[in-house]
Amino acid sequence: KQWYQRRVRGNLIVSDEEECVKHCRDTEACTALTFRESDHRCYLKSKRGGVYGPTVTAGHNSMNMECDNSPVTNLGCLRKGFNFAGADLRNLIVADEEECVKHCRDTEACTALTFRESDHRCYLKSKR
């Protein structure tokens, strides 16, 4: 997944992902990164998950410096048959509601979501 957004400090060429993580850790405003495998470019990010959240992009590996990999336990809050219209950050196809929640967790501005069961489309929202 690649996160498009304003970068903290341009981009760097590094030897591997670990070096990219070290640069982010040592840069004050860095909260996330993207490592491009083809040329070992390291893009430091100033927002968790990028401006619009993750996008699936082959050859790119991204991470938030602080991540929440805990189990999704709030699916009881999911309102079946409701669409929270508007305030879309982005949408993407996911496996299930749980993956949609995880994408929202990884996106700084995401505060709500809509999951459409018919095609497994996940809409990340910037407002509740």
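The coordinates are above.
Computed from a prediction, not measured in an experiment: that's the story for all the values here. Each residue is numbered by its place in its chain's sequence as written, counting from 1. Residues qualify for local features only when their pLDDT is at least 70, as the model is predicted, and side-chain atom pairs are given and counted only at 80 or more; totals for whole chains, interfaces and linings, by contrast, use all residues. The basis for every side-chain value is the complete set of heavy atoms in the structure, and neither hydrogens nor water enter the calculation.

A few words on the pairing of strand β2 (residues 32–36). Counting buried positions along β2 gives four out of five residues, so the element sits mostly inside the fold. Adjacent in sequence and paired antiparallel, β2 and strand β3 (residues 41–45) are bridged by four residues, among which histidine 40 carries a positive phi angle near 60°. Of the strand pairs in this sheet, β2 and strand β4 (residues 60–64) are connected by five bridges, and their pairing is antiparallel. The residue bridging alanine 32 from the neighbouring strand is asparagine 64, located in β4. Only protein chains enter the area calculation, which uses a 1.4 Å probe; residues under 20% of their type maximum are buried, those over 50% are exposed, and those in between are partly exposed. Helix and strand assignments come from DSSP, with helices taken as H or I runs of at least 4 residues and strands as E runs of at least 2, each series counted from the N terminus. The pairing criterion for strands is at least two bridges between them, as found by DSSP.

With that settled, the discussion passes to the nonpolar core. In this structure, Val72, Leu89, Leu92, Val94, Cys100, Val101, Cys104, Cys110, Leu113, Phe115, Cys122 and Leu124 together form the largest nonpolar core, which totals 12 residues. Contributing elements (two or more residues each) for this core: β5 (88–93), α2 (97–105), β6 (112–116) and β7 (121–125). The element that contributes the greatest number of residues to this core is α2, accounting for three residues. In this description, contact between two residues means that some pair of their heavy atoms is separated by no more than 4.5 Å. Apart from residues lying up to four places away in sequence, cysteine 110 is in contact with Leu89, Cys104, Leu124 and Lys125. Nonpolar cores are built from buried Ala, Val, Leu, Ile, Met, Phe, Trp, Tyr and Cys residues. Side-chain atoms within 4.5 Å join them into one set. Ranked by size, the runner-up nonpolar core spans nine residues in total, among them Val14, Cys20, Cys24 and Leu44.

Okay, the pattern of salt bridges next. What counts as a salt bridge is simple: a side-chain nitrogen of Lys or Arg found within 4 Å of a carboxyl oxygen of Asp or Glu. Applying the stated criterion across every chain yields a total of 11 salt bridges. With a shortest N-O distance of 2.7 Å, arginine 36 and aspartate 39 are connected by a salt bridge. Arginine 36 sits in the partly exposed class, given a relative accessible area of 23%. Take aspartate 39: its relative accessible area is 29%, and that puts it in the partly exposed class.

This part is about unusual backbone geometry. Phi is positive for alanine 87, which is not a glycine, with a value near 60°. Residue position: alanine 87 is located in the loop between β4 and β5. Here the phi dihedral of histidine 120 falls at roughly 60°; this positive angle occurs in a residue that is not glycine. Tracing the sequence through the fold places histidine 120 in the loop between β6 and β7.

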